[in-house]
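Letter by letter, the chains look like this.
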Amino acid sequence: MPDPTTLTDDQAREAVTAALLRIVPDADLDEVGDDGALRAELELDSLDFLGFVEQLSASTGARIDEDDYPALRTMRSCIAFLTR
Amino acid sequence: MLHLIPPTYEQLRRTFTWDRARRDLSGLPDGRGLNIAHEAVDRHVGAGLGHRAALRCVDEDGVVTTTTYEQLRRETNRFANVLADLGVERGDRVMTLLGRQQEQYVAALGTLKHGAVFSPLFSSFGPEPIRERLRISGARVLVTTPFLYRRKVAALLADLPSLEYVLVVGEPPDEHTLSLTAEMALASDDYEIAPTDPEDPALLHFTSGTTGRPKGAVHVHEAVVAHHATAELALDLRPGDVFWCTADPGWVTGTSYGIIAPLTHGATLISYAGEFDARAWYQLLEAQHVNVWYTAPTALRMLMKYGAGAARAHDLSTLRHIASVGEALNPEVVTWGTQAYGRPIHDNWWQTETGAIMVSNYAGMEIRPGSMGRPMPGVEAAVLVRGENGRARVVDDRVTVAGPGVTGELALRTGWPSMFRGYLGEEERYRACFADGWYLSGDLARVDEDGYFWFVGRADDVIKSAGHLIGPFEVETALMEHPAVVEAGVIGKPDAVAGELVKAFVTLRPGFEPDDALRRDLLAFGRHRLGGLAPKEIDFDQHLPHTSSGKVMRRLLKARELGLPEGDISTLENAP
């Protein structure tokens, strides 16, 4: 498990992508783009979103609290959050 | 100062009658009958409340659009005129596939004014559930958005010959669609509701059975008597309250209590376009000064994860009554709610078929955490002794009421106003829901010595996930359209947050490898076809258990999943 404090942008992107693909295996993240709203574009319901958060937390070792959920709106904001 | 002591539950049970409840509504002028939209909108304007906010739509960024009762009267008149211009007749079905936005409310009430039947679709459905419901309903009109149209409807049109008009909010994306916005702008805001018999069909809500296609439960205009009375008694709703029902109008709760009941009381209803988000929800409760909040166990369990501190960080002092429906509310959540909100959460029970709350914990009544409460005044509920198939035992057309503590099928004495009047086009399935003057709910429950009801489980294989009823058959059918799948068995897997998650077991055709790539492909396939009904988990199983008649034994799949003893398997055969 990588140390969250040393995650690069690319590693963060990879982790987010992997976590999303676990929920939506054929998600077209290029189409969503870095600023597309992930929940709306990928039609994640609240259970999907919880699954995404758990997956992301497990793979990066990052502690993700409910208060942090708004920071996980887009790919760009996810990367910023994970590399903060 | 005069202090009125509210009647106790026992007093209400003695004095309440549906006839008296009917008198709380005004009826159409000059004795022309009873129409839900008149009770919800026009009569308040007639009473001088036209300036009051009927609807506050809050978008995802917190921007609020308010619609007064007078504006709602005019908008719904326009919508009714649009339907009239299109040649829509009384009893025709009008479906919506919309988010939680103003047009949803206008379409619902405008359809009812016109005497057509309103049938909402959950906007998270995938194309398959949408196609199936449009086909069964025979809807002539669909109201949707350009986005949802392109994504979920455009490809289905060839299969839906009875669908004549697709109205979209804003610019029409192609030649098969009309702009609702443009039609509304041209339509008159004057409309007189035609005489409406209380028994005229008004609402069509789809629900799921264990087998077969979704069932369209038909409700009539008289249902409003129950919507109105139950909102007062079970939700403590009062005129002028700010009321937020978090359910989407695509489900029965979101129509009975998310549209109709608050408006018949002259309350202000809140509609939030966003998905669940703890912080946004608390901000909304605070900023909108919500008095009565009607939500669901899944949401409450998510809020519980967020912690009581977050709730207490907001000023929720206007909140007077909290209620929950969708599945049994676990006792821990009830207890937690009291800590977090300083007031109890009132669980209640009802179904698509019952149209309104039937069993409830009432304001002022002792709450037993984990219990759904006691029957509504005017409603007789009982637990019936079960037979071999797990449902109520019927011998010579007679059922037997079980004593306290015995688990049996929860049943209701027929005759309450919001009882469904049929499954559209399926008389046989409708009749099978009744025996000996009782409606058989398919839910298992027990009643304690003091008359409190306790939910035990479903008597059939229907899945309850995040408060939504999901038919395993519909999910299995969709999965079996995948070229790799020869058969599928779908169950509800217990989940701490959602109650149950949809889990599928699939048998592959020869030549397909049960690997991760195929699993991902099937998950994606399910999401495309089914949207929000799609399985969250898929396992491969080349030996699905079958009954002697060849049906997949979902119960056994579930027992295996839970690691429970599989019980008597004498009725099973190995899969061919």
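Quick caveat: nothing in here was measured; it's all calculated off a predicted structure.

Draft legend 1. Geometry of the overall build of chain A. Helix and strand content of chain A: five helices and zero strands. Mapped in sequence order, the helices and strands of chain A form the string α-α-α-α-α. Against the 2.2 N^0.38 benchmark of 12 Å for 84 residues, chain A shows a C-alpha radius of gyration of 11 Å, consistent with a compact globule. A principal-axis box enclosing the C-alpha atoms of chain A has dimensions of 30 × 25 × 20 Å.

Draft legend 2. Fine view of the overall build of chain B. Regarding its fold elements, chain B presents 18 helices and 29 strands. Its C-alpha radius of gyration of 24 Å places chain B within 12% of the 25 Å reference for a compact globule of 576 residues. Principal axes of the C-alpha set define a box for chain B whose edges measure 70 × 60 × 55 Å. Within the span of chain B, comprising 576 residues, buried residues form 54% of the whole. The contacts of chain B with a sequence gap of at least 6 include a subset with a gap of at least 24, amounting to 70%.

Draft legend 3. Fine view of the interface of chain A and chain B. Facing the twelve residues of chain A at the interface are 20 residues of chain B. Looking at the side of chain A that touches chain B element by element, the count peaks at three residues for helix α4 (residues 46–60) of chain A. Within the side of chain A that touches chain B, the residues separate by chemical class into six nonpolar, one polar and five charged.

Draft legend 4. View of the pairing of strand β17 (residues 381–384) of chain B. All names here are of chain B. Burial along β17 is two-sided: A381 and V383 and A382 and L384, pointing in opposite directions, are all buried. Examined bridge by bridge, β17 and strand β18 (residues 408–413) share four bridges and lie antiparallel to one another. Directly across from A382, in β18, lies its bridge partner A411.

Draft legend 5. Local environment of the packing of helix α3 (residues 36–46) of chain B against helix α5 (residues 102–113) of chain B. Residues and elements named next belong to chain B. Contact geometry of α3 with α5 gives a least axis separation of 8 Å together with a crossing angle of 120°. Handedness of the crossing formed by α3 with α5: left-handed. Only L109, L112 and K113 of α5 make contact with α3, whose side of the interface consists of I36, A37, A40 and V41. Split into classes, the residues belonging to the contact of α3 with α5 amount to six nonpolar, no polar and one charged.

Draft legend 6. Local environment of the domain arrangement of chain B. Residues and elements named next belong to chain B. Domain parsing of chain B yields domain 1 (9–341) and domain 2 (463–573). Computed over C-alpha atoms, the centres of domain 1 and domain 2 are 32 Å apart. Elements supplying a minimum of two residues to the side of domain 1 that touches domain 2: α6 (127–137) and α12 (297–306). It is α12 that provides the largest number of residues to the side of domain 1 that touches domain 2, a total of four residues.

Draft legend 7. Just the nonpolar core, in detail. In terms of nonpolar packing, the biggest core is built from 171 residues, with V94, V141, L142, F243, M358, A411 and V475 of chain B touching the most fellow members. Here this core spans two domains, and each of domain 1 (9–341) and domain 2 (463–573) of chain B adds at least three residues to it. In contact with V141 of chain B, not counting residues within four places along its chain, are L83, L86, V88, V94, E164, Y165 and L167 of chain B. A15, L38, F49 and L56 of chain A belong to the second largest nonpolar core, which has 21 residues in total.

Draft legend 8. Molecular detail of the sheet that holds strand β26 (residues 499–508) of chain B. Residues and elements named next belong to chain B. The sheet built from three strands is open, its strands ordered β25-β26-β27 with mixed pairing. Each end of this open sheet is capped by a strand with a single partner; those strands are β25 (485–495) and β27 (537–540). When strand polarity is set aside, the average angle formed by the axes of neighbouring strands in this sheet is 25°. One ladder, built from four bridges, connects β26 with β27; its direction is parallel. Each residue of the ladder has a partner; that of A504, found in β27, is I538.

Draft legend 9. Region of the structure containing the environment of K536 of chain B. Among the secondary structure elements, K536 of chain B is positioned in the loop between α17 (516–530) and β27. On the basis of neighbour count, K536 of chain B is assigned to the buried category, with 20 C-beta atoms found within 10 Å. Taking C-alpha positions, K536 of chain B is 9.9 Å from K493 of chain B, a pair spaced 43 residues apart along the chain. Sequence-distant contacts of K536 of chain B, defined by excluding residues within four places in its chain, comprise L47 of chain A together with L501, V502 and K503 of chain B.

Draft legend 10. Focus on the sheet that holds strand β12 (residues 292–295) of chain B. Residues and elements named next belong to chain B. Spatially, the nine strands line up as an open sheet ordered β2-β1-β11-β10-β12-β13-β14-β15-β16, and their pairing is mixed. Edge positions in the sheet fall to β2 (64–68) and β16 (374–375), since each of these pairs with one other strand and no more. Where strand β1 (residues 53–58) lies against β2, five bridges are found, and the strand directions are antiparallel. Paired with V58 across the two strands is V64, which belongs to β2. Sheet strands in contact with helix α4 (residues 69–85) are β1 and β2, and its direction is about 80° off that of β2. Here helix α9 (residues 223–235) sits on the sheet in contact with β12, β13 (321–324), β14 (345–349) and β15 (359–360), set at roughly 115° to β13.

Draft legend 11. Looking closely at the confidence of the model for chain B. Residue and element names in this part refer to chain B. Per-residue pLDDT for chain B has a mean of 93; in total, 97% of the residues score no lower than 70. Between residues 568–576, whose pLDDT stays under 50, and residues either more than four places distant or in other chains, the model counts eleven contacts. The complex prediction reports pTM at 0.90, with the ipTM value standing at 0.86.

Draft legend 12. Quick look at the environment of R398 of chain B. Residue and element names in this part refer to chain B. Inspection of the secondary structure assignment puts R398 in the loop between β17 and β18. For R398, a count of 10 C-beta atoms within 10 Å puts it in the exposed group. The spatial distance from the C-alpha of R398 to the C-alpha of A53 is 50 Å, given a sequence separation of 345 residues.

Draft legend 13. Expanded view of unusual backbone geometry. You will see that E43 of chain A, though not glycine, has its phi angle at about 50°, which is positive. Within the element layout of this structure, E43 of chain A appears in the loop between α3 (38–41) and α4. The exposure class assigned to E43 of chain A is partly exposed, which follows from the 19 C-beta atoms found within 10 Å. Phi angles above zero are rare outside glycine, and D396 of chain B is one such case at about 50°. Mapped onto the secondary structure, D396 of chain B falls in the loop between β17 and β18. For D396 of chain B, a count of 5 C-beta atoms within 10 Å gives the class exposed.

Draft legend 14. Broad picture of α4 of chain B. Residue and element names in this part refer to chain B. Helix length check: α4 (17 residues) gives 24 Å between terminal C-alpha atoms against 24 Å at 1.5 Å per residue, within 8%. Most of α4 sits out of view: 14 of its 17 residues are buried. Looking one or two places after α4, you find G87, whose phi comes out positive at around 85°.

What counts and what doesn't
Residues numbered from 1 in each chain as written. Chains lettered and ligands numbered in written order. Predicted model: local features only at pLDDT ≥ 70, side-chain atom pairs only at ≥ 80, totals over all residues. Helix = DSSP H or I, 4+ residues; strand = E, 2+ residues; numbered from the N terminus. Rg over C-alpha atoms; globule rule 2.2 N^0.38 Å. Buried ≥ 20, exposed ≤ 12 C-beta atoms within 10 Å, placed from the backbone. Contact = placed C-beta atoms within 7 Å. Nonpolar A, V, L, I, M, F, W, Y, C, P; charged D, E, K, R; others polar. Pairing = 2+ DSSP bridges. Axes fitted to C-alpha atoms, helices over the stretch in contact; angles between N-to-C directions. Left-handed = near helix turned anticlockwise from the far one by under 90°. Domains from an automatic or database assignment. Core = buried A, V, L, I, M, F, W, Y, C linked by C-beta atoms within 7 Å. pLDDT = per-residue confidence, 0-100. Expected span 1.5 Å × (residues − 1).

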